[in-house]
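Understanding the architecture of this molecule
The primary structure of each chain is shown beneath.
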Amino acid sequence: SKLSPREVVFLLVGGALTASILIYFFLIEPIREKASLYSRLIPQKEAEIVQLRSLSEKYIVLSTGIKAIEGRLPGANQFSSLSYLEGIAKQNQVRENIAYIRAIPQVAQAPYREIPMEVKMENISLVRIIPFLNTIENAPYFLRIKRLNMKARVSEPQKLDVTFVVSSYEKI
C-alpha cells in the first residue's frame, strides 16, 4: 500500500493543517484569552490597591485617634463626672445656676462604659454658659456633650434655661 506522491502531499498538508488548528485552539487562543482577561483586570486591581492604601491610611488615622481617646479614658471607678462637673461649675462661677445634676442609666458596651449625666441650669446668660461648656469639652478626661437644649426665659429674654447631657466614658 504505497501512497502516491500526491496523496502524501495531501496527508502532510492535512496533518500540518490539523496540527495548526489544534495548536491554535489549545495553546494560542487560551493564552490570548488570559492576556485579554488580565489586561481588563489590571486597572481594576490597581484601583483596588489605591483604595486599600487609602483605607490603610484612614485606619492608621482612626487607630491613632482611638489611642489618643483611650489615653484620656480613666479605668473603672477612677473618675467621677459628678464631682468634676461640680468643680468646674464652681471654677466658672455658675454653681448657683445649676438646678440639678442627675445620673442617667449607664450604657456598657465592652470594653467601655458610658456614664451619662443630665445637667439643668436656670437663669444663666450665654456669656457665662459658653466657657462652662468649653471647659467640659476640653476636660482632661474624655467627656462629650451629647444633647444640648437652650431656651430663653419668658421673663428675662437675655437669660437662658439650659439642659444638656454630658457623657463620660471609662474602660471596663
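Structural data are supplied above this passage.
The following paragraphs examine the structure supplied in this document.

Thoughts on the nonpolar core
Counting 23 residues, the largest nonpolar core has Leu85, Met121, Phe132, Ile136 and Phe164 as its most contacted members. Only helix 2 (81-91), strand 1 (98-103), strand 3 (112-125), helix 3 (126-137), strand 4 (143-152) and strand 5 (159-171) provide two or more residues apiece to this core. In this structure, Phe164 is in contact with Met117, Glu118, Val119, Met121, Phe132, Leu133, Ile136, Ile145, Arg147 and Leu148, ignoring residues within four places of it in sequence.

Observations regarding helix 1 (residues 5-72)
Here helix 1 is 68 residues long and its end C-alpha atoms lie 96 Å apart, about the 100 Å a rise of 1.5 Å per residue gives. For helix 1, the principal kink sits at Tyr24 and spans about 40 degrees.

Things to note about the pairing of strand 3
Most of strand 3 sits inside the fold, with 10 of its 14 residues counted as buried. Pairing of strand 1 with strand 3, which is carried by five bridges, proceeds in the antiparallel orientation. For Arg102, the partnering residue across the bridge sits in strand 3 and is Glu118. Sheet topology places strand 2 (residues 107-109) next to strand 3; three bridges connect them, and they run antiparallel. Paired with Ala108 across the bridge in strand 3 is Arg113. As consecutive antiparallel partners, strand 2 and strand 3 are separated by two residues. Looking at chain direction, strand 3 and strand 5 are connected through 12 bridges and run antiparallel. By the bridge assignment for strand 5, Met121 is matched with Val162.

What counts, and where the lines are drawn
Residue numbers restart at each chain and count upward from 1, following the sequence in its written direction. Selection of residues for local features in this predicted model requires a pLDDT of at least 70, selection of side-chain atom pairs for listing and counting requires 80 or more, and totals for whole chains, interfaces and linings are taken over all residues. For side-chain calculations, the full set of non-hydrogen atoms in the structure is used, while hydrogens and water are omitted. Take the buried Ala, Val, Leu, Ile, Met, Phe, Trp, Tyr and Cys residues and link them wherever side-chain atoms come within 4.5 Å; each set so joined is a nonpolar core. Note on classification: 1.4 Å probe, protein chains only; a residue is buried when its accessible area is under 20% of the maximum for its type, exposed when over 50%, partly exposed between these limits. Helix and strand labels come from DSSP, where a helix needs a run of H or I of at least four residues and a strand needs a run of E of at least two; each type is numbered from the N terminus. Two residues qualify as a contact provided that any one of their heavy atoms is within 4.5 Å of a heavy atom in the partner residue. Any helix carries an expected span of 1.5 Å times its number of residues minus one. The reported bend at a residue is simply the angle between two axes, fitted to the 7 residues ending at it and to the 7 residues beginning with it. At least two bridges found by DSSP between two strands are what make those strands a pair.

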